[in-house]
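What the coordinates show
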Amino acid sequence: MTTIISLTQIDDAAEAVRVRMQARPRVALVLGSGLNALADSVQDAEIIPVQEIPHWPLSTVFGHSGRLVSGELEGQVVFVLQGRVHYYEGYAMAQVTLPVRVMQRLGIEILIVTNAAGGINPEFIPGDLMLITDHLNLAGMAGLNPLIGPNLEDFGPRFPDMSQAYDRGLAERARRAASEAGITLREGVYAGLSGPSFETPADLRFLRVAGADAVGMSTVPEVTVARHGGMRVLGFSGISNKANLDGSTVTTHAEVIEAGRVITPKMESVIRGVLKSL
Ligand code: HPA
């Protein structure tokens with residue numbers, strides 16, 4: 001059964017955020033596993049615990065704390081979601097993506113999404129930062145698309161275009177910001193799976209021939225809903241581990257969190273550069 005979130009529920013949640021927040025953000029940031037530190041750099045931060053927002057899905061995973069932080073970063077008014085939820089936690093796709101609907105109701109135009117991902121491209125090493133140029137919506141191909149259900153016409157059309165899911169202009173700003181900061185920015189295609197089990201070596205070889213450079217368990221639903229509602233999207237994967245195409249190593253959540261410590265400063269510096277350029 002598909003769980004549907006109505007426009008009224010979205011508006012209830014958006015109103016609860018609006019009354020607790022002075023800021024009028026234009027840019028939203030979604031922070032992935034182990035990448036939470038950026039929220040602490042926000043100036044004049046207003047913090048809303050997500051438990052206070054009706055219908056908001058609460059994170060159940062270690063490494064995520066559920067808070068909305070708004071304030072200034074590099075001269076931009078930003079809205080930071082710390083602690084996204086994932087489909088594998090048992091939430092419906094409409095719940096996973098409710099935060100993006102609320103952002104759209106708040107008038108936020110730009111979404112910057114980050115995640116931790118396994119590196120499938122053999123040139124990638126743990127600690128690398130990858131600009132997401134496109135994604136493989138594998139969960140969607142298996143019938144798990146967050147737009148399934150009645151179309152919310154207030155946001156966008158029944159059959160939204162996904163030919164430029166990741167905004168080219170924002171990607172160019174990210175390349176420039178990375179280059180100015182002396183940071184190597186990898187680029188590639190992110191494959192979005194449901195998780196929570198990591199991939200088998202056969203899964204990973206399949207993803208490689210399908211054109212994936214990185215693999216993870218988030219982001220694609222949020223980006224799908226963001227594009228439906230007309231937001232411009234910029235995405236980054238922090239490569240936390242080398243995907244194990246030959247079965248010779250194991251992947252653990254601990255290494256994902258540990259790599260976040262190396263990736264966070266790079267991610268922060270590139271995101272700051274992009275915000276400054278807007
Ligand atoms: N696979 C899926 N998701 C991930 C991985 C991985 O290897 N690393 C971090 N998130």
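Below you will find a few notes about this structure. (Residues numbered from 1 in each chain as written. Predicted model: local features only at pLDDT ≥ 70, side-chain atom pairs only at ≥ 80, totals over all residues. Heavy atoms only, no water.)

Focus on the overall build of the protein
- Regarding its fold elements, the protein presents eight helices and nine strands.
- Compactness check: the protein gives a C-alpha radius of gyration of 17 Å against a globular reference of 19 Å for 278 residues, within 12% of the reference.
- When each of the 278 residues of the protein is scored for burial, the buried share is 53%.
- Within the structure as shown, the protein displays about 11600 Å² of accessible surface, and the carbon and sulfur contribution to it stands at 52%. (Helix = DSSP H or I, 4+ residues; strand = E, 2+ residues; numbered from the N terminus. Rg over C-alpha atoms; globule rule 2.2 N^0.38 Å. Buried < 20%, exposed > 50% of the residue type's maximum accessible area, 1.4 Å probe, protein only. Areas by Shrake-Rupley, 256 points an atom, 1.4 Å probe, with all protein chains shown as cover.)

Overview of the pairing of strand β9 (residues 232-242)
- Extensive coverage of β9 is indicated by the burial of nine of its eleven residues.
- Note that strand β5 (residues 110-119) and β9 share ten bridges and pair parallel. Within β9, the position partnered with L111 by the bridge is V233.
- The pairing of strand β6 (residues 129-136) with β9 spans three bridges and is antiparallel. Note that in β9 the partner of L131 across the bridge is F236. (Pairing = 2+ DSSP bridges.)

Quick word on the packing of helix α1 (residues 7-19) against helix α3 (residues 98-105)
- It is the contact of α1 with α3, at a shortest axis distance of 9 Å, that shows an interaxial angle of 65°. Classed by the angle they form, the pair α1 and α3 counts as roughly perpendicular. Judged by the sense of rotation from one axis to the other, the crossing of α1 with α3 is right-handed. When α1 is examined against α3, the residues L7, I10, D11, A13, A14, V17 and R18 are found in contact with a partner set consisting of L98, R101, V102 and R105. (Axes fitted to C-alpha atoms, helices over the stretch in contact; angles between N-to-C directions. Parallel < 35°, antiparallel > 145°, perpendicular 65-115°, else oblique. Left-handed = near helix turned anticlockwise from the far one by under 90°. Contact = heavy atoms within 4.5 Å.)

Observations regarding the site of the ligand
- Contacts to the ligand come from A116, A117, G118, F198, E199, V215, G216, M217, S240, N241, T251 and V256.
- Burial of the ligand by the surrounding chains reaches 94%, relative to a free accessible area of 260 Å².
- Ranked by the residues each element gives to the shell around the ligand, the list is headed by β5, at three residues.
- Partitioning the shell around the ligand into residue classes produces six nonpolar, five polar and one charged. (Near = heavy atom within 4 Å. Nonpolar A, V, L, I, M, F, W, Y, C, P; charged D, E, K, R; others polar.)

Here we look at the pairing of strand β3 (residues 67-73)
- Here β3 lies mainly inside the structure; five of its seven residues are buried.
- In terms of strand pairing, strand β2 (residues 43-49) meets β3 through five bridges, oriented antiparallel. Along β3, the bridge assignment pairs I48 with L68.
- Examined bridge by bridge, β3 and strand β4 (residues 76-82) share seven bridges and lie antiparallel to one another. Bridge pairing links G71 to V78 in β4.

Digging into the side chain of E222
- Position of E222 relative to the elements: it lies in helix α7 (residues 220-228).
- Accessibility expressed as a relative area gives 3% for E222, which makes it buried.
- There is a polar contact of 2.6 Å between the side chain of E222 and the side chain of R84.
- The residues touching E222, leaving out its near neighbours within four places in the chain, are V30, R84, T97, V100 and L111. (Polar contact = N/O pair within 3.5 Å; in protein donor to acceptor, adjacent residues only side chain to side chain.)

Looking at the packing of aromatic side chains
- As enumerated under the stated definition, the model contains zero aromatic pairs in all.
- Over the ring of F155 we find R101; its NZ or CZ atom is 4.2 Å from the centre of that ring. (Phe/Tyr/Trp six-rings, centres within 6.5 Å; stacked < 30°, edge-to-face > 60°. Lys NZ or Arg CZ within 6 Å of the ring centre and 35° of its normal.)

Points about the pattern of salt bridges
- This structure, assessed with the given rule, holds 15 salt bridges.
- One salt bridge connects E74 with R272, and the closest N-O pair in it is separated by 2.7 Å. Placement of the pair is E74 in the loop between β3 and β4 and R272 in helix α8 (residues 253-277), with a sequence separation of 198 residues.
- On the accessibility criterion, R272 (23% relative accessible area) is partly exposed.
- D213 serves as the salt-bridge partner of R208, at 3.3 Å between the closest nitrogen and oxygen.
- A single network of salt bridges, built from pairs that share partners, joins E74, E268, R272 and K276. (Salt bridge = Lys/Arg side-chain N within 4 Å of Asp/Glu carboxyl O.)

Thoughts on the packing of helix α5 (residues 168-180) against α8
- Between α5 and α8, the least distance of the axes is 8 Å, while the angle of their chain directions is 120°. Taken together, the axes of α5 and α8 are oblique relative to one another. In the packing of α5 onto α8, the handedness of the crossing is right-handed. Across from R173, A174, A177 and A178 in α5, the residues of α8 making contact are V270, G273, V274 and S277.

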